[in-house]
Amino acid sequence: MKRMYVFLFAALLGMATAFAQTPEQFLDRYEAFVEKVEDLDSGDVDQELLAEYKKEYNKLTKEFNQYKSKMSNDEMQQYYRFKARYQKKIATISAKRTGSKVKGWVKGMFEK
C-alpha cells in the first residue's frame, strides 16, 4: 500500500512539474495577448469583448505574481513594457468611446 502512495505522489509531482511554465513561456503568452488587444480597431469595440480582455488581463496579472521572483531584470522590464502597451491601447479605446459619446451629446444639444 505504501508503494502505491509513493508511486501516486511521484506521478502527481511529475505531472505538476511538466505543466509548470517558465517565465519565458509566460512572457510569450503575455505578449501574444497584448498583440491581440493592439490589433483591435479602437473605434469599433463592444463592451463584452473589453470585459473578456479585462478578465484575461487580471488573470495574467495574478499569474505574474507567481513568476515575479524567478524573472531576471530584463524579463521584468519586458513584462512592464507589455503591460504599458496594453494599458495604452485600452486608454485609447476608452478615450475614443467617451469622445464619440460626448460629441453626440453636444451635437444633439445644439441641433434642437
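Computed from a predicted model, the values in this text were never measured in an experiment. (Residues numbered from 1 in each chain as written. Predicted model: local features only at pLDDT ≥ 70, side-chain atom pairs only at ≥ 80, totals over all residues. Heavy atoms only, no water.)

J.: Account for helix α2 (residues 23-38), naming residues and giving values.
T.: The terminal C-alpha atoms of α2 lie 22 Å apart, and with 16 residues this matches the ideal 22 Å at 1.5 Å per residue to within 8%. Those residues of α2 that sit buried are Pro 23, Phe 26, Leu 27, Tyr 30, Phe 33, Val 34 and Val 37. Down the axis of α2, the sector holding all buried residues measures 120°, keeping them to one side. (Helix = DSSP H or I, 4+ residues; strand = E, 2+ residues; numbered from the N terminus. Expected span 1.5 Å × (residues − 1). Buried < 20%, exposed > 50% of the residue type's maximum accessible area, 1.4 Å probe, protein only. Arc of directions from axis to C-beta.)

J.: An account of a negative patch on the surface is needed here, citing residue identities and associated values.
T.: On the surface, a cluster of negative charge is made up of Asp 41, Asp 44, Asp 46 and Glu 48. Among the secondary structure elements, Asp 46 is positioned in the loop between α2 and α3 (47-67). (Patch = residues over 30% accessible without salt bridge, like charges linked within 9 Å, V, L, I, M, F, W, Y side chains within 5 Å. Areas by Shrake-Rupley, 256 points an atom, 1.4 Å probe, with all protein chains shown as cover. Salt bridge = Lys/Arg side-chain N within 4 Å of Asp/Glu carboxyl O. Lys, Arg positive; Asp, Glu negative; His and termini not counted. Charge placed at Lys NZ, Arg CZ, Asp CG, Glu CD.)

J.: Lay out the packing of aromatic side chains with the relevant residues and their values.
T.: In this structure the tally under the stated criterion is 12 aromatic pairs. The interplanar angle of 10° and the centroid separation of 4.3 Å between the aromatic rings of Tyr 57 and Tyr 86 together place this pair among those described as stacked. Pair noted here: Tyr 57 is in helix α3 and Tyr 86 is in helix α4 (residues 73-111), with a separation of 29 residues, a long-range link. Residue classification places Tyr 57 among the buried residues on the basis of a relative accessible area of 8%. (Phe/Tyr/Trp six-rings, centres within 6.5 Å; stacked < 30°, edge-to-face > 60°.)

J.: Any details on the pattern of salt bridges? Residues and values, ideally.
T.: Enumeration according to the criterion identifies three salt bridges in this entry. Salt-bridge contacts for Arg 85 lead to Glu 38; the nearest nitrogen and oxygen are separated by 2.8 Å. Placement of the pair is Arg 85 in helix α4 and Glu 38 in helix α2, with a sequence separation of 47 residues. Taking relative accessible area as the criterion, Arg 85 reaches 29% and is therefore assigned partly exposed. For Glu 38, a relative accessible area of 30% gives the class partly exposed. A salt bridge links Lys 59 to Glu 56, with the shortest nitrogen-to-oxygen separation between them at 3.9 Å. Of this pair, Lys 59 and Glu 56 both sit in helix α3, three residues apart, which is roughly one turn of that helix. Residue Lys 59 is classed as partly exposed on the basis of its relative accessible area of 44%.

J.: For the nonpolar core, give the residues involved together with the corresponding values.
T.: Residues Phe 26, Tyr 30, Phe 33 and Met 71 are the most contacted members of the largest nonpolar core, which totals 20 residues. In contact with Phe 33, other than residues within four places in its own chain, are Tyr 53, Glu 56, Tyr 57, Leu 60 and Tyr 86. (Core = buried A, V, L, I, M, F, W, Y, C linked by side-chain atoms within 4.5 Å. Contact = heavy atoms within 4.5 Å.)

J.: Outline the packing of α2 against α3, listing residues and values.
T.: Running from N to C, α2 and α3 cross one another at 160°; their axes reach a closest spacing of 11 Å. In this view, α2 runs roughly antiparallel relative to α3, as classed from their interaxial angle. Of the two possible hands of crossing, α2 and α3 adopt the one that is left-handed. When α2 is examined against α3, the residues Pro 23, Phe 26, Arg 29, Tyr 30, Phe 33, Lys 36 and Val 37 are found in contact with a partner set consisting of Tyr 53, Glu 56, Tyr 57, Leu 60, Glu 63, Phe 64 and Tyr 67. Grouping the amino acids of the contact of α2 with α3 by side-chain chemistry returns 10 nonpolar, no polar and four charged. (Axes fitted to C-alpha atoms, helices over the stretch in contact; angles between N-to-C directions. Parallel < 35°, antiparallel > 145°, perpendicular 65-115°, else oblique. Left-handed = near helix turned anticlockwise from the far one by under 90°. Nonpolar A, V, L, I, M, F, W, Y, C, P; charged D, E, K, R; others polar.)

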